[in-house]
Amino acid sequence: MVLNYIWIAFFLIAFVVAMGRLLIGGDTTVFTNIINSSFEAAKTGFEISIGLTGILSLWLGIMKIGEKGGVIQAFARWAAPVFSKLFPEIPKDHPVTGSIFMNLSANLLGLDNAATPMGLKAMQQLQDLNPEKERASNSMVMFLCINASGLTLIPITIMMYRAQLGAANPSDVFLPIMLTTFTSTLVAILAVCLRQGISILQRNLLLFFGGMGLLIGGLILLFHSMEQEQVSLYSTLFANTLLFTIMCGFLWSGVRKRINVYDAFIEGAKEGFQTAITIIPYLVAILVGIGVFRASGAMDFLIEGVRMGVAAVGLNTDFVEALPTMLMKPLSGSGSRGMMLDAMNTYGADSFVGRLSSIVQGSCDTTFYVVALYYGSVGVRNTRYTVQCALLADLAGAIVAIAMAYLFF
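What you see is a predicted model; the values in this text were computed from it and never measured. (Residues numbered from 1 in each chain as written. Predicted model: local features only at pLDDT ≥ 70, side-chain atom pairs only at ≥ 80, totals over all residues. Heavy atoms only, no water.)

Caption draft 1: The overall build of the protein chain, seen in detail. Tallying secondary structure elements over the protein chain gives 18 helices and zero strands in all. When burial is assessed residue by residue, the protein chain has 52% of its 409 residues classed as buried. Excluding contacts between residues fewer than 6 apart, the proportion of contacts in the protein chain whose partners are at least 24 apart in sequence is 79%. Surface exposure of the protein chain reaches about 18,200 Å², of which carbon and sulfur atoms provide 65%. (Helix = DSSP H or I, 4+ residues; strand = E, 2+ residues; numbered from the N terminus. Buried < 20%, exposed > 50% of the residue type's maximum accessible area, 1.4 Å probe, protein only. Contact = heavy atoms within 4.5 Å. Areas by Shrake-Rupley, 256 points an atom, 1.4 Å probe, with all protein chains shown as cover.)

Written as structure tokens, this is what we have:
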């Protein structure tokens, strides 16, 4: 229901802004730009879905081997002390716990191509447990909000972009990103726990978040003592080595259980192909709405309005130039990445705006894309309070990103 209102709002606001630009500003190209943008967005949504087909088939095939080989169940047992508190509706030792564990682990390592198929597999399993198939369950809401908050331990992609654009020290945003993304994830979990009546003061949860804090602190100290080339080399090497080790481990588990690993892979790969086809209309719908909103100039008007409001109360407006990245991040991953690159190209990779845009880009995920993709894959229409809690995490991430940028730079 929330997505329905947001989608309608994109078009209505775009129409009002476009009519104003035509009648008042005499911009005769605005509606042409909107239509072209809608066509391009629809094409992009289709291409993303088709592009996911191979990745989904690969990883859901591997996941099926791991499921039949007992590895997923083992992951479920390891994660149970924490996940049983955050996802109390999931039965003990259910395979979905292992799938969620795999998805979140891949996200932590920045392995997006592996994280998405694992997340979609988890959603399918959560849907099997869901008594109301068109309404998101509590576990689905929690899972989606954690995903949308975008917790990543190693923001290697952001540092690579900064290196390519000539930053003197591309990893100088590492610490601010770590602090920001940890905050946005914590806010997401707290918001959902509050709505679902889950106490955050439970021993296992306190130990988990305390351990995460220590891990982040350790990584900060480790990477702070290394050169940028070493950070890129070792983090990429570790992530990819771990990923291939997991693949081989799943295959070995199948061999050890004496199952036909090839047939198991094919069975899972078929599920991946069907999932990729299922999500096409959902992605096309949300991307077209976002494209229309951007092409109408509504985003530009919003940014200028914020600039005027901030200046009117006498506050520093340096951060306003990074607002395009902040506002685009919940809407479009490629759009926000483009905004970040544009900011670094325009103002410099080592400028305040360039660094702030990098922090924002690495601090959270693309909320509407994640919601449309994951819920669309299982046909859930009533997302309940998922979008509100995820956007609250995005807002917290944006505010902390601004604070970190002023604090460090």
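After presenting the structure, the write-up continues.
Caption draft 2: Structural context of the environment of Gly289. By the secondary structure assignment, Gly289 is in helix α12 (residues 280-295). We classify Gly289 as buried; its relative accessible area is 0%. Once you skip the residues sitting within four places of it in the chain, Gly289 turns out to touch Trp7, Phe10 and Phe11.

Caption draft 3: Quick peek at the packing of helix α11 (residues 261-278) against α12. Running from N to C, α11 and α12 cross one another at 35 degrees; their axes reach a closest spacing of 5 Å. Across the interface between the two elements, Ala276, Ile277 and Thr278 from α11 touch Ile280, Pro281 and Tyr282 from α12. For the contact of α11 with α12, the per-class residue count stands at five nonpolar, one polar and no charged. (Axes fitted to C-alpha atoms, helices over the stretch in contact; angles between N-to-C directions. Nonpolar A, V, L, I, M, F, W, Y, C, P; charged D, E, K, R; others polar.)

Caption draft 4: Expanded view of the confidence of the model for the protein chain. Overall, the prediction assigns the protein chain a mean pLDDT of 81, with 89% of residues at 70 or greater. Of all secondary-structure elements in the protein chain, the lowest mean pLDDT belongs to helix α7 (residues 156-164), at 72, while helix α6 (residues 138-149) reaches the highest, 90. (pLDDT = per-residue confidence, 0-100.)

Caption draft 5: Structural view of helix α13 (residues 298-312). Relative to the 21 Å expected for 15 residues at 1.5 Å per residue, α13 spans 21 Å between its end C-alpha atoms, a close match to the ideal helical length. Buried residues of α13: Ala298, Met299, Ile303 and Val310, and no others. Around the axis of α13, the buried residues are gathered within 135 degrees of arc, so they sit on the same side. Opposite the buried face of α13, by more than 90 degrees, sit the exposed residues Asp300, Phe301, Met308 and Ala312. Looking one or two residues past α13, Gly314 carries a phi angle of roughly 80 degrees, positive in sign. (Expected span 1.5 Å × (residues − 1). Arc of directions from axis to C-beta.)

Caption draft 6: Representation of the pattern of salt bridges in the model. Applying the stated criterion across every chain, the model contains seven salt bridges. Residues Asp27 and Arg21 are paired through a salt bridge, measuring 2.6 Å at the closest nitrogen-oxygen approach. With relative accessibility at 18%, the residue Asp27 sits in the buried group. A relative accessible area of 24% places Arg21 in the partly exposed class. A salt bridge links Glu267 to Lys68; the shortest N-O distance between them is 2.8 Å. A residue pair is termed long-range when its members are at least 10 positions apart, and Glu267 in helix α11 and Lys68 in helix α2 (residues 30-69) qualify at 199 residues. For Glu267, a relative accessible area of 34% gives the class partly exposed. In the salt-bridge network here, residues are joined through shared partners; they are Lys64, Lys68 and Glu267. (Salt bridge = Lys/Arg side-chain N within 4 Å of Asp/Glu carboxyl O.)

Caption draft 7: Focus on the packing of aromatic side chains. The tally for this structure, following the rule as stated, stands at seven aromatic pairs. Ring centres of Phe15 and Phe31 lie 6.4 Å apart, and the angle between their planes is 55 degrees; this geometry places the pair in the tilted category. Of this pair, Phe15 sits in helix α1 (residues 2-23) while Phe31 sits in helix α2, and the two are 16 residues apart along the sequence. The exposure class assigned to Phe15 is partly exposed, which follows from its relative accessible area of 48%. Given a relative accessible area of 29%, Phe31 falls into the partly exposed group. Through successive ring pairs, a cluster of aromatic residues spans Phe10, Phe293 and Phe368. Here the basic side chain of Arg195 rests over the ring of Tyr385, its NZ or CZ set 4.2 Å away from the ring centre. (Phe/Tyr/Trp six-rings, centres within 6.5 Å; stacked < 30°, edge-to-face > 60°. Lys NZ or Arg CZ within 6 Å of the ring centre and 35° of its normal.)

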